[in-house]
Amino acid sequence: MDFTGGKTLSNSHSPSSFTKFNSAFTAGLLNPMSPPPNKTRSSPVVCELIASSSNIHQRTQTKNQALIQVPISDPRQNQTPPVIDKRALTMQQISDLLSTRSPGNKFNDPGSSDIKLTLSSKDGISVSMNVHKQILVAHSRFFEVKLSDKLAKYQWNGSAEVYMVEITDCDDVEVYIETLRLMYCKYLRKELMRNGISKNLKILKVAVAIGFDAGVLSCLEHLEAAPWAEDDEEKVTCALAELRLENVGAGDVLKRVSVEVTNGTGEVGDNEQVLLKLLHVVLEGKDEKARREMKGLVLKMLRENSSPNDLGKESLYSACDGCLELLRQHFLRAASSDLQDVSQIARQADNLHWMLDILIERRIAEDFLKSWASQSELSDVHSKVPAVHRHGVSRVTARLFVGMGKGQLLVPKEVRYMLLQTWLVPFYEDFGWMRRVSKGVDTHLIEDGLSNTILTLPLAWQREILLAWFYRFLNSSENCPNIQRGFEVWWRRAFWQRNGEQQLPTQLHLTTPTNANS
């Protein structure tokens, strides 16, 4: 491969970080794989350059071969395979990396190299490799400074003499070697395609540390174009934020996950407009199956990504008002025997039910409850609309009962009572239809919600509502919700002393309807 490919960054690339790196290296406290100087390390970093003789070269080469040799277990019959040693596996991977070269590639070529580079990690791994001063200096600002300064006192006359360079306390020797190997490649992006996102992020950190500008650019180009798994997003954003590469292409990488980087102004006001548009598209969609699927998707998105920058209360209530107005128009027309577009009643009722789910999730549904409780005009003509078309309206009422029964809606008792006065009888009339034809309706949940809602009222109001239910249930239990539990609670509250003594008031008389044939 050609050794001279790749782009070069401008001199403005991370000057402060490189200056710190330079001064720390000179002081003998830091190497390209170490953390910033303000982090205490257990052992100092050593970088030594020693003019070596051929004997030293021979001993080092022998030592290197011993270091990267992986013991091979003696295969014996019917024995359980030994547990893989992580350290041995790492050394085998490093050995494969050092021995893999395409024709013409001089990486780790002992015949042409002029530097024996030894890399040591804090966990005890030490590996020696053959590199070329010309390659390192041409591609790395770090090695350009260090090798030029340290080797200036030696006579560099192109002889076969090999110089020793040691870098200790590397965080990851394998990644460091992989980064150096890329300096010998002409098509860096092609090589990076062999790796995953996590591996290339590690290479990017080393490339930044040693000033390998072509490697930095190639890593960023790969990250910008490659698909990410969900787990990769946080890794990429955290790594780029730590490296501070906004001026050299990191902004392009982050555009796929950050609106602030996209527009460059930090404004996110467009988020609400996009979400509001999606909301209206779902409300107005014509394909009912697709609408059901997208309602679940949008509701999930809003649950997972709720923030001050998404849909505000005013936008949500504006959408609700539009659905409610359409419902009123079609409901009143149907009540006057005009059944044209009568299917819109169920559609708009379903939309309101969905919007109510969103409002309750966000704890801002109180105003909706007040508005619904005041729809006496719709309640008055409710019985004039065929039940097959109107029962969806009672599902909205049922959702409010469930919300109040769970404490998700907190409004004054007058509002709760008004809701029951306006919509409880229509709800009774539609309960049988809801139970038979509405998919996903949990009647027990609705009955518990209604019971709990009634029990939040003053005892006198509880008595009025529950006695009316008692008479109705005895006449039509199949088409009436069973709120016997609420009735029992009210009974104990009203007619039993707190000390446990029974005291039935004489003024209460329950009359059970009798059958004329009995």
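Scoring rules and cut-offs
Residues numbered from 1 in each chain as written. Predicted model: local features only at pLDDT ≥ 70, side-chain atom pairs only at ≥ 80, totals over all residues. Heavy atoms only, no water. UniProt positions renumbered as here; feature names shortened; annotations may be inferred. Buried < 20%, exposed > 50% of the residue type's maximum accessible area, 1.4 Å probe, protein only. Helix = DSSP H or I, 4+ residues; strand = E, 2+ residues; numbered from the N terminus. Pairing = 2+ DSSP bridges. Phe/Tyr/Trp six-rings, centres within 6.5 Å; stacked < 30°, edge-to-face > 60°. Lys NZ or Arg CZ within 6 Å of the ring centre and 35° of its normal. 1 Å grid on protein atoms, 1.4 Å probe; cavity = no way out; pocket = protein on both sides within 12 Å on 5 of 7 lines; lining within 4 Å. Points joined across faces, edges and corners; volume = space filled by probe spheres on them. Nonpolar A, V, L, I, M, F, W, Y, C, P; charged D, E, K, R; others polar. Salt bridge = Lys/Arg side-chain N within 4 Å of Asp/Glu carboxyl O.

- The chain is annotated in an unreviewed UniProt entry as BTB domain-containing protein from Gossypium barbadense.
- Quoted verbatim from the Function (unreviewed entry) heading of the UniProt record, the comment on the chain is "May act as a substrate-specific adapter of an E3 ubiquitin-protein ligase complex (CUL3-RBX1-BTB) which mediates the ubiquitination and subsequent proteasomal degradation of target proteins."
- Quoted verbatim from the Pathway (unreviewed entry) heading of the UniProt record, the comment on the chain is "Protein modification; protein ubiquitination."

## Comments concerning the pairing of strand S2 (residues 115-121)
Then, number 1: With seven of seven residues buried, S2 is to be regarded as a mostly interior element.
Then, number 2: On S2, burial covers both faces: Ile115, Leu117, Leu119 and Ser121 on one face and Lys116, Thr118 and Ser120 on the other are all buried.
Then, number 3: In this structure, S2 lies alongside strand S3 (residues 126-131), joined through six bridges in antiparallel fashion. Across the sheet, Lys116 pairs through a bridge with Asn130, a residue of S3.
Then, number 4: In this structure, the hairpin formed by S2 and S3 is closed by a connection of four residues, where Gly124 is found at a positive phi of approximately 100°.

## A short note on the packing of aromatic side chains
Then, number 1: Under the definition given, this model contains 17 aromatic pairs.
Then, number 2: Directly above the aromatic system of Trp433 lies the positively charged group of Arg436, at a separation of 5.7 Å from the ring centroid.

## What to know about the pairing of strand S4 (residues 163-170)
Then, number 1: Among the eight residues in S4, seven count as buried, and that is most of the element.
Then, number 2: When S2 meets S4, the two strands line up parallel, connected through six bridges. Bridge assignment links Ile115 to a residue of S4, and that residue is Tyr163.

## Side note on the layout of surface pockets
Then, number 1: Considered as a void within the structure, the second largest pocket measures approximately 670 Å³ in volume.
Then, number 2: Surrounding the second largest pocket, 19 residues form its lining, Glu288, Arg292, Asp350, Arg395 and Lys439 being those nearest its centre.
Then, number 3: Contributing elements (two or more residues each) for the lining of the second largest pocket: helix H14 (288-304), helix H16 (343-361) and helix H19 (387-405).
Then, number 4: At seven residues, the largest contribution of residues to the lining of the second largest pocket is made by H16.
Then, number 5: A per-class count over the lining of the second largest pocket returns five nonpolar, five polar and nine charged.

## As for the pattern of salt bridges
Note on pairing: side chains with opposite charge can pair once their charged atoms come close.
Then, number 1: According to the stated counting rule, one finds 18 salt bridges in the structure shown.
Then, number 2: Ionic pairing is found between Asp109 and Lys106, a salt bridge with its closest N-O pair at 3.8 Å.
Then, number 3: By relative accessible area, which is 15% here, Asp109 ends up buried.
Then, number 4: On the basis of relative accessibility, which here comes to 33%, the residue Lys106 falls in the partly exposed class.
Then, number 5: Sharing partners across several salt bridges, the network here consists of Glu288, Arg291, Lys295, Arg347 and Asp350.

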